[in-house]
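One-letter residues, chain by chain:
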Amino acid sequence: MSGGRAADKAMIENCRDPGAETRTIPIRFMTEMLACASQRGPVDTARALATVGLPPDLLGQEGARVTVAQFGQLYRFLAGTLDDECPGFFSRPLYGGTFKFLCLNLLNADNLRVALYRFGQYFRLMLDDLRFELGREDHLGKITIVQLAPPGPHHVLVHEVMLMLLQGVASWLVGRRIPFCRAEFAFPTPEYASEYVNIYPAPVFFDYPRTTYYLELGYLDLPIRQSKSTLATFLRNAPMDWIQVAVNEKRMTHRVRDILKTQLGFATTIECAAQGLHLSTRTLARRLEEEGTHFQAVKDALRRDVAIAQILNTSMSIASIGAMLGFDDPAAFNRAFRNWTGSPPGSYRRRGVKPLPADDPAAERD
């Protein structure tokens, strides 16, 4: 590989969370995406679920979870099937190629400030439902979603995904992970609000008049580091490279998770994790509490996510997966899994169905 291509690849990897494919999110994101898409046209739900390897009976089970990779596969399937790159989100479709032309318009910007201004102007031309406004508040830059039409029944998902897109595109453009300072949402606190720590690299707040993302002004002056040679990969990976889970290294939840990931199967205690982070146990517990979680919750979430990924993506027996995660008794693993997801681990087996490949024609349209 040439030096230039190697540098391009490194830049892309620097913006991507290496654990994204094993992380999980509530199945609610899938059901909302399917419901939203059905507003655009008929959706073959059975085929869509088979494509991403999701047993249909999980769809209605409260507490069930899917991997970020499955969410990305479903998005690509629906976008390709409906020829709408925001499937059913808006009053008119964003036809295949919309995001490609958006990104092409951003590549020759002088810096991120200009690129985000163009980002907003592009969607002003494309959408009647909402627009993005770039502004400033005190020492921070801000990007606000301004609702132009009454919010639809799935407006929460729309705002969630559009902020995922915004943070993904912004970080990709400058070739580094942008630690946004704050996210405000124009809807009440959802039941799954604790999940946002793994979706948005910023403290989150709800019940605000408008959905807004804040970042340090200095990031707006960063030059654009991408080119047409890296754009194809970014589009091919969509939306995986938008969902910037755990991109803010300052988030203690993610740092603890990284330590635990290297010690799967061991009885790692908060004292061990604190030692690895060069913190006192009390300080670590306090920092986690400030982020709305605690050590055992982080540990359980990691084991849950690894278990789901192994069940979906390997032929390893469920008992062996439990043993790998430190459960000596298969019954104890089954009980723990039910507590984590509300479902037995066997219900997650993909039953011989293969997911949509990343290079499937439905994954990218020119």
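Residues numbered from 1 in each chain as written. Predicted model: local features only at pLDDT ≥ 70, side-chain atom pairs only at ≥ 80, totals over all residues. Heavy atoms only, no water.

Engineer: What is the right way to read the overall build of the protein chain from this model?
Structural biologist: Across its full length, the protein chain carries 14 helices and 7 strands. Of the contacts made within the protein chain by residues no fewer than 6 positions apart, 71% connect residues no fewer than 24 positions apart. Accessible area for the protein chain stands at about 16100 Å²; split by element, carbon and sulfur atoms hold 52% of it. (Helix = DSSP H or I, 4+ residues; strand = E, 2+ residues; numbered from the N terminus. Contact = heavy atoms within 4.5 Å. Areas by Shrake-Rupley, 256 points an atom, 1.4 Å probe, with all protein chains shown as cover.)

Engineer: So what exactly am I meant to see when it comes to the packing of helix α2 (residues 28-37) against helix α4 (residues 68-82) here?
Structural biologist: For any two helices packed against each other, the geometry is given by the interaxial angle and the distance between the axes. Look at α2 against α4: their axes get within 10 Å of each other, and the N-to-C directions meet at 5°. Our classification of the angle between α2 and α4 gives roughly parallel. Contacts between α2 and α4 pair Phe29, Met30, Met33, Leu34 and Ala37 from the former with Gln70, Phe71, Leu74, Tyr75, Leu78 and Leu82 from the latter. By residue class, the composition of the contact of α2 with α4 is 10 nonpolar, 1 polar and no charged. (Axes fitted to C-alpha atoms, helices over the stretch in contact; angles between N-to-C directions. Parallel < 35°, antiparallel > 145°, perpendicular 65-115°, else oblique. Nonpolar A, V, L, I, M, F, W, Y, C, P; charged D, E, K, R; others polar.)

Engineer: Sorry, what's going on with the layout of surface pockets here?
Structural biologist: Take a probe with the size of a water molecule and roll it over the atoms, and the empty space left behind shows itself. Approximately 620 Å³ is the volume attributed to the largest pocket. What lines the largest pocket is a set of 25 residues, among which Ser194, Glu195, Val197, Gly292 and Thr293 lie closest to the centre. Listed by contribution, the elements that provide at least two residues to the lining of the largest pocket are α9 (252-261), α11 (281-290) and α12 (295-313). No other element matches α12, which puts 5 residues into the lining of the largest pocket. Among the residues making up the lining of the largest pocket, the classes are represented as 10 nonpolar, 5 polar and 10 charged. Size it by volume and the second largest pocket reaches roughly 310 Å³. Around the second largest pocket, the lining comprises 14 residues; the ones closest to its centre are Pro26, Arg28, Glu62, Gly63 and Tyr192. Of the residues belonging to the lining of the second largest pocket, the class tally is 5 nonpolar, 4 polar and 5 charged. (1 Å grid on protein atoms, 1.4 Å probe; cavity = no way out; pocket = protein on both sides within 12 Å on 5 of 7 lines; lining within 4 Å. Points joined across faces, edges and corners; volume = space filled by probe spheres on them.)

Engineer: How should I be thinking about the packing of helix α5 (residues 98-106) against helix α6 (residues 112-126) in this particular structure?
Structural biologist: Where α5 contacts α6, the axes come no closer than 9 Å and their chain directions differ by 145°. The chirality of how α5 crosses α6 is right-handed. Where α5 approaches α6, its residues Thr98, Phe99, Phe101, Leu102, Asn105 and Leu106 are matched on the opposing element by Ala115, Arg118, Phe119, Tyr122, Phe123 and Met126. Grouping the constituent residues of the contact of α5 with α6 by class yields 9 nonpolar, 2 polar and 1 charged. (Left-handed = near helix turned anticlockwise from the far one by under 90°.)

Engineer: Help me understand the packing of aromatic side chains in this model?
Structural biologist: The relation between two aromatic rings is expressed through the spacing of the ring centres and the mutual angle of the planes. In this structure the tally under the stated criterion is 23 aromatic pairs. Between Phe29 and Tyr192, the ring centres sit 5.7 Å apart and the planes meet at 65°, which makes this aromatic pair edge-to-face. Of the two residues, Phe29 is situated in helix α2 and Tyr192 in the loop between β5 (182-184) and β6 (204-205); the sequence distance between them amounts to 163 residues. The interplanar angle of 85° and the centroid separation of 5.4 Å between the aromatic rings of Phe337 and Tyr348 together place this pair among those described as edge-to-face. Taken together, the residues span a long stretch of sequence, with Phe337 in helix α14 (residues 330-341) and Tyr348 in the segment after α14 at a distance of 11 residues. Here Phe337 falls in the buried class, since its relative accessible area comes to 0%. The class of Tyr348 is buried, set by a relative accessible area of 0%. One aromatic cluster is present, formed by Phe29, Phe71, Phe180, Phe185, Phe187, Tyr192, Tyr196, Tyr200, Phe206 and Tyr213 through successive ring pairs. Its guanidinium or amino end placed over the ring of Phe29, Arg28 lies 4.8 Å from that ring's centre, counting from NZ or CZ. (Phe/Tyr/Trp six-rings, centres within 6.5 Å; stacked < 30°, edge-to-face > 60°. Buried < 20%, exposed > 50% of the residue type's maximum accessible area, 1.4 Å probe, protein only. Lys NZ or Arg CZ within 6 Å of the ring centre and 35° of its normal.)

Engineer: Would you mind going over the confidence of the model for the protein chain with me for this structure?
Structural biologist: The predicted coordinates of low-pLDDT regions are not to be read in fine detail. For the protein chain, the mean per-residue pLDDT works out to 85, and 87% of the residues sit at or above 70. Counting contacts from residues 1-20, a segment whose pLDDT is below 50, to residues more than four positions away or on other chains yields 35 contacts. Confidence over residues 245-249 falls short of pLDDT 50; this stretch has 18 contacts with residues more than four positions distant or in other chains. (pLDDT = per-residue confidence, 0-100.)

Engineer: What exactly am I supposed to notice about unusual backbone geometry here?
Structural biologist: What you tend to see is this: most non-glycine residues have negative phi, and most peptide bonds are trans. Residue Pro239 is reached from Ala238 by a cis peptide bond, and omega for that bond is 0°. Looking at the secondary structure, you find Pro239 in the loop between α8 (228-237) and α9. Backbone geometry at Asp138 places phi at a positive 55°, although glycine is not the residue there. Exposure remark for Asp138: the relative accessible area of 63% places this residue in the exposed category. The phi angle at His278 is positive, at roughly 60°, despite the residue not being glycine. Along the chain, His278 falls in the loop between α10 (270-276) and α11. On the basis of relative accessibility, which here comes to 74%, the residue His278 falls in the exposed class.

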